[in-house]
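# Structural description and commentary
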Amino acid sequence: RNQRQQATSDQQMRVAVCGGKEFMAKYLIGSVLLSLHRNSHISELLIGNCRGVDAIVAKWAERTGIPVSYYNSDWLAYGADADDVRNQILLAECPDIIVLFPGGKRTHDLLNKAIAAGHQHILRVDPTRKKPARWYQNHNTAFTQQVTDNQEKTEQADGTQADDQMRFEEVNDD
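Basis of the calculations
- Residues numbered from 1 in each chain as written.
- Predicted model: local features only at pLDDT ≥ 70, side-chain atom pairs only at ≥ 80, totals over all residues.
- Heavy atoms only, no water.
- Helix = DSSP H or I, 4+ residues; strand = E, 2+ residues; numbered from the N terminus.
- Buried < 20%, exposed > 50% of the residue type's maximum accessible area, 1.4 Å probe, protein only.
- Contact = heavy atoms within 4.5 Å.
- Areas by Shrake-Rupley, 256 points an atom, 1.4 Å probe, with all protein chains shown as cover.
- Core = buried A, V, L, I, M, F, W, Y, C linked by side-chain atoms within 4.5 Å.
- Salt bridge = Lys/Arg side-chain N within 4 Å of Asp/Glu carboxyl O.
- Pairing = 2+ DSSP bridges.
- Right-handed = clockwise from strand over helix to strand, strands pointing away.

## Here's the deal with the overall build of the protein
Per the secondary structure count, the protein includes six helices and eight strands. Sorting the 174 residues of the protein into buried and exposed places 45% on the buried side. Long-range pairs, those at least 24 residues apart, make up 56% of the contacts in the protein with a sequence separation of at least 6. A total of about 9100 Å² of accessible surface is found on the protein, and carbon and sulfur atoms cover 46% of it.

## A few points about the nonpolar core
Judged by nonpolar contacts, the single largest core of 27 residues is most densely connected at V15, V17, L45, V99 and F101. Only β1 (13–18), α2 (26–39), β2 (42–47), α3 (53–64), β4 (97–100), β5 (122–125) and β6 (133–136) provide two or more residues apiece to this core. Among the elements that make up this core, the one with the highest residue count is α3 (six residues). Beyond its immediate stretch of four places on either side in the chain, V15 contacts L36, I42, E44, L45, L46, I97 and V99.

## Quick word on the pattern of salt bridges
Enumeration according to the criterion identifies eight salt bridges in this entry. Across the pair R86 and D83 runs a salt bridge, and its minimum N-O distance is 3.5 Å. Pair noted here: R86 and D83 are both in helix α5 (residues 82–92), with a separation of three residues, about one helical turn. The exposure classification of R86 matches that of D83, with both residues buried. Here D84 makes a salt bridge to R106, at a shortest N to O gap of 3.3 Å. Taken together, the residues span a long stretch of sequence, with D84 in helix α5 and R106 in helix α6 (residues 105–116) at a distance of 22 residues. D84 sits in the partly exposed class, given a relative accessible area of 22%. Sharing partners across several salt bridges, the network here consists of K21, D83, D84, R86 and R106.

## What about the environment of Q88?
Here Q88 is to be found in helix α5. Its relative accessible area of 43% is what places Q88 among the partly exposed residues. Sequence separation between Q88 and K113 is 25 residues; the distance between their C-alpha atoms is 8.4 Å.

## Concerning the pairing of β5
Both faces of the sheet carry side chains from a regular strand, because those side chains alternate between them. Note: β4 against β5, three bridges, orientation parallel. Across the sheet, residue I98 finds its bridge partner in β5, namely I122. For the crossover that starts at β4, traverses α6 and ends in the parallel β5, the hand is right-handed. Of the pairings in the sheet, the one linking β5 to β6 comprises four bridges and is antiparallel in character.

From the geometry alone we can't say anything about function, so treat these as descriptive.
Laid out in structure tokens, this is it:
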């Protein structure tokens, strides 16, 4: 087992999951969460309360019986900055693992803030990249997980079906 698995496998883990409102790859999201849950028992999921990634994670958690803590954006108090404030509050909760799926500038900003804050276990998942899932640990040194060819159907935002290749194999990137 690698160091990340040794550090997390015997503990219960609080996992923050973030991503875009338009990212609807439910099978990819489910397979990533299932892989994490098998390797490091997820005891709680921390998510926003939006459509897209948040809604898919909430449904997955309901089916698996994992508790969810919702972090809502307070638009009345913070206006246009509400999502940024919510993300700062989520990071301040010090989750054990942060998982980032494709999203917009706020998701990318959350990645940068998590790295700058010294969060130790950050998994960035982007099926369009050559290395679609990458662990950021101790400022960009860690493990990479490769998505390989397990054909699964992913429901897109427009209701169509598209093939995704998404079985994870862990590869030591050192």
